[in-house]
Amino acid sequence: MSNFNIDWQLFTRRLFDGFAELLRFNFSVTNPVFWLFFLVILLVLVRSWKIKKAFSFCFVIALVLLAETKIENHIIEFFKRNREQFDPLLIRIACIVVIFVVSLYYFFVKSNND
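Residues numbered from 1 in each chain as written. Predicted model: local features only at pLDDT ≥ 70, side-chain atom pairs only at ≥ 80, totals over all residues. Heavy atoms only, no water.

A. Representation of the overall build of the protein in the model. Each helix and strand counted, the protein has 4 helices and 0 strands in total. The helix and strand sequence of the protein, counted from the amino end, reads α-α-α-α. Over its C-alpha trace the protein gives a radius of gyration of 18 Å, far above what one expects of a compact globule, namely 13 Å for 114 residues. Dimensions of the protein along its principal axes, counting C-alpha atoms only, are 55 × 50 × 15 Å. Relative to its full complement of 114 residues, the protein shows a buried share of 27%. Here the analysis covers contacts within the protein between residues at least 6 apart in sequence; of these, 60% occur between residues at least 24 apart. Summed over its atoms, the accessible surface of the protein is roughly 8,800 Å², and 68% of this surface lies on carbon and sulfur atoms. (Helix = DSSP H or I, 4+ residues; strand = E, 2+ residues; numbered from the N terminus. Rg over C-alpha atoms; globule rule 2.2 N^0.38 Å. Buried < 20%, exposed > 50% of the residue type's maximum accessible area, 1.4 Å probe, protein only. Contact = heavy atoms within 4.5 Å. Areas by Shrake-Rupley, 256 points an atom, 1.4 Å probe, with all protein chains shown as cover.)

B. View of the nonpolar core. With 20 residues, the main nonpolar core has Phe27, Phe34, Phe38, Phe57 and Leu65 as its most contacted residues. The set of elements that each furnish at least two residues to this core consists of α2 (32–46), α3 (51–81) and α4 (89–109). The biggest single contributor to this core is α3, with 8 residues. Beyond its immediate sequence surroundings of up to four residues, Phe34 is in contact with Leu22, Phe27, Ser28, Ala62, Leu65 and Leu66. (Core = buried A, V, L, I, M, F, W, Y, C linked by side-chain atoms within 4.5 Å.)

C. Examining α2 more closely. For α2, spanning 15 residues, the distance from its first C-alpha to its last is 21 Å, which sits close to the expected 21 Å at 1.5 Å a residue. Buried residues of α2: Val33, Phe34, Phe38, Leu42 and Leu45, and no others. Next to the buried residues of α2 lie α1 (8–23), α3 and α4. With a side-chain oxygen positioned 3.0 Å from the backbone nitrogen of Val33, the residue opening α2 is Asn31. (Expected span 1.5 Å × (residues − 1). Polar contact = N/O pair within 3.5 Å; in protein donor to acceptor, adjacent residues only side chain to side chain.)

D. Spotlight on the layout of surface pockets. Considering only enclosed or pocket space, the largest pocket measures out at about 230 Å³ in volume. Every residue lining the largest pocket is listed: Leu22, Phe25, Phe27, Phe34, Phe37, Phe38, Ile41, Phe57, Ile61, Leu65 and Ile99. Split by residue class, the lining of the largest pocket holds 11 nonpolar, no polar and no charged. (1 Å grid on protein atoms, 1.4 Å probe; cavity = no way out; pocket = protein on both sides within 12 Å on 5 of 7 lines; lining within 4 Å. Points joined across faces, edges and corners; volume = space filled by probe spheres on them. Nonpolar A, V, L, I, M, F, W, Y, C, P; charged D, E, K, R; others polar.)

E. The arrangement of the packing of aromatic side chains in detail. In total, this model carries 14 aromatic pairs according to the counting rule given. Between Phe34 and Phe38, the ring centres sit 5.0 Å apart and the planes meet at 75°, which makes this aromatic pair edge-to-face. Taken together, the residues Phe34 and Phe38, both in helix α2 and 4 residues apart, mark about one turn of the helix. Comparing Phe34 with Phe38, the two get one shared label, buried. (Phe/Tyr/Trp six-rings, centres within 6.5 Å; stacked < 30°, edge-to-face > 60°.)

This is the structure we're talking about:
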């Protein structure tokens, strides 16, 4: 039982740091809160969809968010090299629009048999 010591302060700090990263629209593969969020969504969607449809929805949304972060970082680096400032608001809005379109497709078009 002595091998199961958890540093709760470190755990809560990492949890809040991961959540803060998500609030800053900075999605990362190494962020456990990001994956916990998708696990919860997957478990909620499995109640009304088949596992294949729910998993593919979560996977596509996760890829869109990870791609948005990667694109945003590349564009920011490009502008930093040219000593310009860049506001990533347009990229974030485009990402939200893509997520909205994908969600509409999965909720209304894609059948549960696919």
